[in-house]
Amino acid sequence: MSRFNNKVVLVTGGASGIGKASALLFADEGAKVVIADYADAGKALADELNANGKSALFIKTDVSDSAAVQHMIRQTFDTFG
């Protein structure tokens, strides 16, 4: 059993760099991964993870905008509970 089975992990800045590496590792450990970023590259990463049998969601988010953060949290709960 993987360490993060039945867990949801939300990674801000998940489209590149350390955030992307973190998202990939969490997915490999069984987590459902939410990739939140203002860069559209996060969608390609989520698509790649889903195509490889992982569970991922990209949410375009500017974390400096409180309404966008509220939307990100609401969409995460709506998708993964």
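Scroll up to find the structure.
Residues numbered from 1 in each chain as written. Predicted model: local features only at pLDDT ≥ 70, side-chain atom pairs only at ≥ 80, totals over all residues. Heavy atoms only, no water.

1. What to know about the overall build of the protein chain
Part 1 of the argument: Regarding its fold elements, the protein chain presents three helices and three strands.
Part 2 of the argument: Along the protein chain, helices and strands appear, N-terminal first, in the series β-α-β-α-β-α.
Part 3 of the argument: Computed over the C-alpha atoms, the radius of gyration of the protein chain is 12 Å, within 12% of the 12 Å expected from 2.2 N^0.38 for a compact globule of 81 residues.
Part 4 of the argument: Reported as C-alpha extents along the three principal axes, the dimensions of the protein chain are approximately 35 × 25 × 20 Å.
Part 5 of the argument: Going through the 81 residues of the protein chain one by one, you find that 32% of them count as buried. (Helix = DSSP H or I, 4+ residues; strand = E, 2+ residues; numbered from the N terminus. Rg over C-alpha atoms; globule rule 2.2 N^0.38 Å. Buried < 20%, exposed > 50% of the residue type's maximum accessible area, 1.4 Å probe, protein only.)

2. So, the nonpolar core
Taken as a class, soluble globular proteins show a tendency for nonpolar side chains to be buried jointly.
Part 1 of the argument: If you look at the biggest cluster of nonpolar residues, it comprises twelve residues: Val-9, Val-11, Ala-23, Ala-27, Ala-31, Val-33, Ile-35, Leu-45, Ala-46, Leu-49, Ala-56 and Phe-58.
Part 2 of the argument: Sorting elements by how many residues they give to this core places helix 2 (residues 41–51) first, with three residues.
Part 3 of the argument: The next biggest cluster of nonpolar side chains, apart from the first, holds six residues, and it includes Val-34, Leu-57, Ile-59 and Phe-80. (Core = buried A, V, L, I, M, F, W, Y, C linked by side-chain atoms within 4.5 Å.)

3. Quick word on the environment of Ser-22
Part 1 of the argument: For Ser-22, the location among the structural elements is in helix 1 (residues 17–28).
Part 2 of the argument: Note on Ser-22: relative accessible area 24%, which makes it partly exposed.

4. Some words on helix 1
Part 1 of the argument: When the terminal C-alpha atoms of helix 1 are compared, their 17 Å separation across twelve residues agrees well with the 16 Å that a helix rising 1.5 Å per residue should span.
Part 2 of the argument: Those residues of helix 1 that fall on the buried side of the exposure criterion are Gly-19, Ala-23 and Ala-27. Seen from one end, helix 1 has its buried residues packed into an arc of 70°, which puts them on one side. Counted as exposed and oriented over 90 degrees from the buried face of helix 1: Gly-17, Ile-18 and Leu-25. (Expected span 1.5 Å × (residues − 1). Arc of directions from axis to C-beta.)

5. Considering the pattern of salt bridges
Once the charged atoms of two side chains with opposite charge are near each other, the side chains can pair.
Part 1 of the argument: Evaluation of the coordinates by the stated rule reveals four salt bridges.
Part 2 of the argument: Arg-3 serves as the salt-bridge partner of Glu-29, at 3.5 Å between the closest nitrogen and oxygen. With Glu-29 in the loop between helix 1 and strand 2 (32–37) and Arg-3 in the segment before strand 1 (8–12), the pair connects residues that are 26 residues apart, well separated along the chain.
Part 3 of the argument: The class of Glu-29 is partly exposed, set by a relative accessible area of 25%. (Salt bridge = Lys/Arg side-chain N within 4 Å of Asp/Glu carboxyl O.)

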